[in-house]
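Structure at a glance
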Amino acid sequence: MTPAARLSAAIDVLADIEARRRPATDALKDWGLSHRFAGSGDRAAIAGLVYDALRRKASAAHLLGEPTPRAVVLGMLALDRGLDLEKIEKLFDGGRFAPSPLTQGERTALARTGLEDAPAHVAGDYPEWLDLPLARVFGDDRVEEGRALAHRAPLDLRVNTLAGDRDAAAAALSHLKPAFTRWAPAGLRVTIGAEQKSPPVHAEPAYIKGQIEIQDEGSQVAALLAGARPGDQVIDLCAGGGGKTLALAAAMENKGQLYATDLDMRRLAPIHARLERAGVRDVQVRTPRPGVDALADLAERADLVVVDAPCTGTGTWRRNPDAKWRMRPGSLSERVAQQVTVLDRAAGLVRPGGRVVYVTCSLLADENTDQIQAFVTRHPGFSPVRPADLVTPLGAAAAAFLDSVLTFPEGLLMTPRRTGTDGFFVSVLTREG
Ligand SMILES: C[S@@+](CC[C@H](N)C(=O)[O-])C[C@H]1O[C@@H](n2cnc3c(N)ncnc32)[C@H](O)[C@@H]1O
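Predicted model only: the values in this text are computed from it and were never measured.

**Structural notes on the pairing of strand E9 (residues 350-360)**
Of all 11 residues in E9, eight are buried, a share of seventy percent or more. Here strand E8 (residues 302-308) runs beside E9; their pairing, made up of six bridges, is parallel. The partner of Ala302 across the bridge, within E9, is Val350. Here E9 runs beside strand E13 (residues 424-431); their pairing, made up of six bridges, is antiparallel. Opposite Val359, over in E13, you have Val426 as the bridge partner.

**Topic: the sheet that holds strand E2 (residues 179-180)**
Taken together, four strands build an open sheet; the order of strands is E2-E3-E1-E4 and the sheet is antiparallel. This sheet does not close on itself; its edge strands, each paired only once, are E2 and strand E4 (212-214). Looking at chain direction, E2 and strand E3 (residues 187-190) are connected through two bridges and run antiparallel. Among the inter-strand pairings, Ala179 is bridged to a residue of E3, identified as Arg189. Those strands touched by helix H13 (residues 217-225) are strand E1 (155-159) and E3, and its axis lies near 35 degrees from that of E1.

**Looking at the packing of aromatic side chains**
As enumerated under the stated definition, the model contains three aromatic pairs in all. Ring geometry for Trp183 versus Phe401: centroids 5.3 Å apart, planes at 70 degrees, classification edge-to-face. Taken together, the residues Trp183 in the loop between E2 and E3 and Phe401 in helix H21 (residues 398-404) connect sequence positions 218 residues apart. For the pair Trp183 and Phe401, a shared accessibility class is recorded, and that class is buried. Ring plane angle 70 degrees and centroid distance 6.4 Å describe the contact between Tyr358 and Phe425, whose orientation is recorded as edge-to-face. You can see Tyr358 sitting in strand E9 and its partner Phe425 sitting in strand E13, a full 67 residues away along the chain. No difference in accessibility class separates Tyr358 from Phe425, as the two residues are buried. Just above the ring of Phe180 sits the side chain of Arg166; from NZ or CZ to the centre is 3.9 Å. Geometry around Tyr207 places Arg277 over its ring, the cationic atom sitting 3.9 Å from the centre.

**Comments concerning helix H7 (residues 104-111)**
Those residues of H7 that fall on the buried side of the exposure criterion are Glu106, Ala109 and Leu110. For H7, the buried positions fall inside an angular range of 95 degrees around the axis, keeping them on one side. Among the exposed residues of H7, those pointing more than 90 degrees away from its buried face are Gln104 and Ala111. Here the buried face of H7 lies against helix H4 (57-64), helix H5 (69-79) and helix H6 (85-91).

**Things to note about the UniProt feature "active site" (unreviewed entry) in the protein**
Under the local residue numbering, the UniProt record ascribes the feature "active site" (unreviewed entry) to Cys361. Inspection of the secondary structure puts Cys361 in the loop between E9 and helix H19 (369-378). In this structure, Cys361 is in contact with Cys311, Gly313, Thr314, Gly315, Thr316, Gly423 and Phe424, ignoring residues within four places of it in sequence.

**Section: the pattern of salt bridges**
Across all of its chains, the model carries 41 salt bridges by this definition. Asp80 is paired through a salt bridge with Arg152; the nearest N and O atoms lie 3.6 Å apart. Remark: Arg152 occurs in the loop between helix H10 (142-149) and E1 and Asp80 occurs in the loop between H5 and H6; sequence separation between them is 72 residues. Asp80 gets classed as partly exposed once you look at its relative accessible area, which sits at 22%. Between Arg386 and Asp389 there is a salt bridge, and its shortest N-O distance comes to 3.2 Å. Connected through salt bridges with shared partners, the residues Asp52, Arg55, Asp80, Arg81 and Arg152 form a single ionic network.

**What to know about the side chain of Arg355**
Looking at the secondary structure, you find Arg355 in strand E9. Notably, Arg355 is buried but unbridged: the nearest opposite-charge side chain belongs to Asp232, and the N-O separation is 5.0 Å. In terms of polar contacts, Arg355 uses its side chain to reach the backbone carbonyl oxygen of Ala226, at 2.7 Å.

Conventions we followed
Residues numbered from 1 in each chain as written. Predicted model: local features only at pLDDT ≥ 70, side-chain atom pairs only at ≥ 80, totals over all residues. Heavy atoms only, no water. Buried < 20%, exposed > 50% of the residue type's maximum accessible area, 1.4 Å probe, protein only. Helix = DSSP H or I, 4+ residues; strand = E, 2+ residues; numbered from the N terminus. Pairing = 2+ DSSP bridges. Contact = heavy atoms within 4.5 Å. Axes fitted to C-alpha atoms, helices over the stretch in contact; angles between N-to-C directions. Phe/Tyr/Trp six-rings, centres within 6.5 Å; stacked < 30°, edge-to-face > 60°. Lys NZ or Arg CZ within 6 Å of the ring centre and 35° of its normal. Arc of directions from axis to C-beta. UniProt positions renumbered as here; feature names shortened; annotations may be inferred. Salt bridge = Lys/Arg side-chain N within 4 Å of Asp/Glu carboxyl O. Lys, Arg positive; Asp, Glu negative; His and termini not counted. Polar contact = N/O pair within 3.5 Å; in protein donor to acceptor, adjacent residues only side chain to side chain.

If you want it as structure tokens, here you go:
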């Protein structure tokens, strides 16, 4: 397919997403099924165009003065890909399979460059109803924070230190040109260009042998800040597919006991194969059963309870740009209620002198600092660790990390703009001894 034909396809997919209010992944899959002639390179490029357009949906529509899929793609090419009017004209030439030529109105709009007159939620590319909640956390910086969340995310890998070191993994993956991550000591970062396909990491021998996992650097750091030590009794209460569990197990060097559970047994299911592949031996998976408390025997026993809480995922908008536009106030209040339930459960599992570590991939105060303030009111025996003390597991990177994150009495917040990671909030709460 020509670059122009790919643009036509991306406009069609965006129109489908809009018309049928469906997730981008579904629309892209359907497009692939009905255009079997398209190669994997074409599909990847079309997906890249669709996701980039979704990332910049509001600002692109503003630039063009209308919210149509075509306008959003045009705006994205100018704002995100930096194409000038001449280059865009060449792509939109009305040729076979190419989008129709630019109108005079589109030419005039594309000749403008800035978004000076745009309101914050448009310039920052996030839903208008989230402007106040984001202003509460970031103040005037919300536009810049939003812009950083509207960029493509890199591919981050965590080297499994139970199976080898970072130098060896980097050498095994040298064809991907990985760089060492800035904060996470076992992290590798692969930068993927706009037209590039994501590398098939799952097919890499290093992955098959359990030497690497796919995990955002922010998630790696959050697991590290939990401070799990060899010999500890640790509960991963919201283990899901086990991303944090694996990182905690590596920190514990296969010594001690890690219990992994989740409300949803289907989410937990992949953990078994992942643990085996990574060579993790100290994890007991407690599969939930209706009407049975899978952790009843562990009341007040854990040194550390990790709550990787269900949340709105506002910190992961780089990776899920269509979720950004689908998010509704109702989903925020639903998540907040779930967080209360899971935090209260964690409080009953930690021993005197132990810790609860609360993590979200959300940027919103309702799910982060407010949630911790409310927890401490309900459980006065717990107090949050100061951010300056919380960062010590990062060793030499701790001071610079502390300078980069947003800090609160209740914890710290990573964001793409500040730390180059997904957005993660981390709070460590110690229980009185
Ligand atoms: C952010 S995800 C966990 C991701 C996982 N820790 C990882 O690193 O891959 C949140 C998880 O919390 C689970 N969850 C929601 N409510 C819960 C509850 N009351 N108790 C335990 N898990 C819960 C969800 O099923 C979901 O898997």
